[in-house]
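# Fold and contact review
What follows is each chain in one-letter form.
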Amino acid sequence: MGGTRYDFGAREDRAKKVGYASKSASEIFTQNALRKAHESMNPNGVVFREARDSEVHPNTVPIILGLDVTGSMGHIPHELIKEGLPKLMGGIIQGGVPDPALLFLGIGDHECDRYPLQVGQFESGDEELDMWLTRTYIEGGGGGNAGESYLLAWYFAAFHTKTDAFEKRGQKGLLFTVGDEPGLKTLPASAIKEIMGQGQQTYTHLELLAEAQKRYDVYHISVLHSGQAINADVEWKELLGQNCLSIEDHREIPNVIKKIICDKHKSSGSGLGTNPVSGGLDNIEML
């Protein structure tokens, strides 16, 4: 975890060989055919996911990206694996943050989905990030209960992650959720126990948001591709203020995230410096 660099040349070669640009989502996200989450992304029994410094990445910047994998949002992981992920990582590194450690979460609906939470690992290398993203099961669920379980991302970040950025340097990570629905307002202890294997306390979304904000700057990206999404965006802005980021084109997600990350670290004066970047950035087209 976190011991490899993002090699843009190797990633480009692998993407061509595997056929990311031409294959369908079902061909790339093979868990869809199995109709179940990958065992390595099952959060049941997970104690912590850790973003630790290394010789390769001495100043890790932990980033959590929670992707809504319900029916109306399932196309976004496909877009990310085709071209969005290298644009995101390229933009972050070129923007002066050489040590990003990115963790993917798959988010569903804890009231009606079989797999409301899937968790990867904090990674920096191109091959590892592709692996975790393509392991994600795009369940395509959700329900008519006026919301999805974005609060699970806050719960997991608050209670099941550890980062050297916070423990050694007092620096918060960044947590992004992406979706088109309001968030569900309650996470019962029974749901936590079913998802995580243990849980004795029920939380409100406000309690979990506050817990996550102790160690992460929390953002939500609203994808405004429907009237329902536009209505949900109003609620998100009331909750997060300027940390709710509204877009009409989902292809803007990498650009929005990398701008937030780079602007934050420029303004913090954290002295991130630069590390060598494998493969170079000359052939990466930024958004």
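Residues numbered from 1 in each chain as written. Predicted model: local features only at pLDDT ≥ 70, side-chain atom pairs only at ≥ 80, totals over all residues. Heavy atoms only, no water.

## A few points about the overall build of the protein chain
Assigned secondary structure in the protein chain consists of eleven helices and ten strands. The globule rule puts the C-alpha radius of gyration for 287 residues at 19 Å, and the 18 Å found for the protein chain is close to it. Along the first, second and third principal axes, the C-alpha set of the protein chain runs to 45 × 45 × 35 Å. A total of 287 residues make up the protein chain; the buried ones form 53% of that total. (Helix = DSSP H or I, 4+ residues; strand = E, 2+ residues; numbered from the N terminus. Rg over C-alpha atoms; globule rule 2.2 N^0.38 Å. Buried < 20%, exposed > 50% of the residue type's maximum accessible area, 1.4 Å probe, protein only.)

## Some points on the pairing of strand E9 (residues 216-223)
Within E9, eight of the eight residues are buried, which leaves it mostly tucked inside the rest of the structure. Relative to strand E10 (residues 244-247), E9 runs parallel, the two sharing four bridges. Following the sheet pairing, Ser 222 is matched in E10 by Ser 246. Taken together, E9, helix H10 (residues 227-240) and E10 constitute a β-α-β crossover, and its handedness is right-handed. (Pairing = 2+ DSSP bridges. Right-handed = clockwise from strand over helix to strand, strands pointing away.)

## Some remarks on the packing of helix H4 (residues 75-94) against helix H11 (residues 253-268)
One way to put it is that H4 packs onto H11 with a least axis distance of 8 Å and a crossing angle of 30°. Considering their axes alone, H4 and H11 lie roughly parallel with respect to each other. Considering only the axes of H4 and H11, their crossing is right-handed. Contacts between H4 and H11 involve Ile 76, Leu 80, Gly 84, Lys 87, Leu 88, Gly 91 and Ile 92 from the former and Ile 253, Pro 254, Ile 257, Lys 258, Ile 261 and Cys 262 from the latter. (Axes fitted to C-alpha atoms, helices over the stretch in contact; angles between N-to-C directions. Parallel < 35°, antiparallel > 145°, perpendicular 65-115°, else oblique. Left-handed = near helix turned anticlockwise from the far one by under 90°. Contact = heavy atoms within 4.5 Å.)

## Examining the layout of surface pockets
If a probe as big as a water molecule is rolled over the atoms, it shows which places are left empty. In this structure, the second largest pocket spans a volume of roughly 200 Å³. Surrounding the second largest pocket, 14 residues form its lining, Arg 114, Tyr 115, Pro 116, Glu 194 and Ile 195 being those nearest its centre. The element best represented in the lining of the second largest pocket is helix H8 (residues 189-196), accounting for three residues. (1 Å grid on protein atoms, 1.4 Å probe; cavity = no way out; pocket = protein on both sides within 12 Å on 5 of 7 lines; lining within 4 Å. Points joined across faces, edges and corners; volume = space filled by probe spheres on them.)

## So, the packing of aromatic side chains
Per the stated rule, a full pass over the model turns up eight aromatic pairs. Ring plane angle 15° and centroid distance 5.1 Å describe the contact between Phe 176 and Tyr 219, whose orientation is recorded as stacked. Of this pair, Phe 176 sits in strand E6 (residues 173-179) while Tyr 219 is found in strand E9, placing the two residues 43 residues apart along the sequence. Here Phe 176 falls in the buried class, since its relative accessible area comes to 0%. Among the residues examined, Tyr 219 registers a relative accessible area of 10% and is labelled buried. Positioned above the aromatic ring of Trp 132 is the side chain of Arg 135, whose terminal nitrogen or guanidinium carbon lies 5.1 Å from the ring centre. Residue placement shows Lys 162 over the ring face of Phe 48; its charged tip is 4.4 Å from the ring centre. (Phe/Tyr/Trp six-rings, centres within 6.5 Å; stacked < 30°, edge-to-face > 60°. Lys NZ or Arg CZ within 6 Å of the ring centre and 35° of its normal.)

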